[in-house]
Amino acid sequence: EPEVTQTPSHQVTQMGQEVILRCVPISNHLYFYWYRQILGQKVEFLVSFYNNEISEKSEIFDDQFSVERPDGSNFTLKIRSTKLEDSAMYFCASSEHLGQGASYGYTFGSGTRLTVV
Amino acid sequence: GESVGLHLPTLSVQEGDNSIINCAYSNSASDYFIWYKQESGKGPQFIIDIRSNMDKRQGQRVTVLLNKTVKHLSLQIAATQPGDSAVYFCAEKGYNKLIFGAGTRLAVHP
């Protein structure tokens, strides 16, 4: 079964440092997403990405965050200057399409646990 | 505004019993809902989905019911097994994103 792959599984970084979280979406998917989940809380939307540009972003996704699809397979989330409150699980997801029809194939990766110290 | 919420934070059931997890949503225009299962340290795993033009959809041991009149969604798990122990989230599809509820922890006891 196709899956979304995320690396690393756990990242520890010092406050103020830059981190890049990496994702390999399912190969025939066109829509890509980042979500985060602070420990014990619900999953929160960060950003959606289609056709090499951001489709929508939440208020969490401020100027410290950026996304990129550097090649045909990777999708990255960069946090420029990490803060303590950025500590969370970050999930990448991909889907086939957003329109009517099939069930979108919306699939999540296993996540990267980011710990900012 | 948009919101998707859950009635119960924790549900404890005996192995073999049926489980019912509930979810309320506020956006009456929502047309697609998904139930996810999340085990410790893992990402959300798709269980079942339903479109707003349906009232009920069945999968393997799971059934999702949608009541648009009261904006309520439920997930029924038949013959609950220890492997069903996890946190369950309902999610509502927005235009470019999923909006998740707070989650219900299902604990299955032998």
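## Observations regarding unusual backbone geometry
Okay, step 1: Residues Thr-7 of chain A and Pro-8 of chain A are joined by a peptide bond in cis, for which omega reads -10°.
Okay, step 2: Mapped onto the elements of the fold, Pro-8 of chain A is located in the loop between strand E1 (5–7) and strand E2 (10–13).
Okay, step 3: The phi torsion at Asn-51 of chain A lies on the positive side, around 55°, for a residue other than glycine.
Okay, step 4: Given a relative accessible area of 58%, Asn-51 of chain A falls into the exposed group.
Okay, step 5: Unusually for a residue other than glycine, Lys-71 of chain B sits at a positive phi of about 55°.
Okay, step 6: Mapped onto the secondary structure, Lys-71 of chain B falls in the loop between strand E7 (62–67) and strand E8 (72–77).

## A word on the pairing of strand E5 (residues 45–51) of chain B
Where a strand is regular, its side chains alternate between the two sheet faces.
All names here are of chain B.
Okay, step 1: Sheet topology note: the strand E4 (residues 32–38)/E5 ladder contains six bridges and is antiparallel. For Lys-37, the partnering residue across the bridge sits in E5 and is Gln-45.
Okay, step 2: Between E4 and E5, which pair antiparallel and follow one another directly, the connecting turn spans six residues, one of which, Gly-41, has a positive phi of 80°.

## What to know about the interface of chain A and chain B
Often, the extent of an interface is quoted as the loss of accessible area upon association of its parts.
Okay, step 1: The interface of chain A with chain B comprises 22 residues on the first partner and 19 residues on the second.
Okay, step 2: Across the chain A to chain B interface the summed buried area is about 1,700 Å²; carbon plus sulfur atoms make up 53%.
Okay, step 3: At the junction of chain A with chain B, the criterion picks out one salt bridge.
Okay, step 4: Note that Lys-97 of chain B and Glu-56 of chain A form a salt bridge whose closest N and O atoms lie 3.0 Å from each other.
Okay, step 5: The tally of links from chain A across to chain B stands at four residue pairs in polar contact (both at pLDDT 80 or more).
Okay, step 6: For the side of chain A that touches chain B, the secondary structure elements donating two or more residues are strand E4 (31–37), strand E5 (44–50), strand E6 (53–57) and strand E9 (88–95) of chain A.
Okay, step 7: The element best represented in the side of chain A that touches chain B is E4 of chain A, accounting for three residues.

Cut-off values and rules
Residues numbered from 1 in each chain as written. Chains lettered and ligands numbered in written order. Predicted model: local features only at pLDDT ≥ 70, side-chain atom pairs only at ≥ 80, totals over all residues. Heavy atoms only, no water. Helix = DSSP H or I, 4+ residues; strand = E, 2+ residues; numbered from the N terminus. Buried < 20%, exposed > 50% of the residue type's maximum accessible area, 1.4 Å probe, protein only. Pairing = 2+ DSSP bridges. Contact = heavy atoms within 4.5 Å. Buried area = accessible area lost by both parts, 1.4 Å probe. Salt bridge = Lys/Arg side-chain N within 4 Å of Asp/Glu carboxyl O. Polar contact = N/O pair within 3.5 Å; in protein donor to acceptor, adjacent residues only side chain to side chain.

Such coordinate-based values are descriptive only and should not be taken to indicate function.
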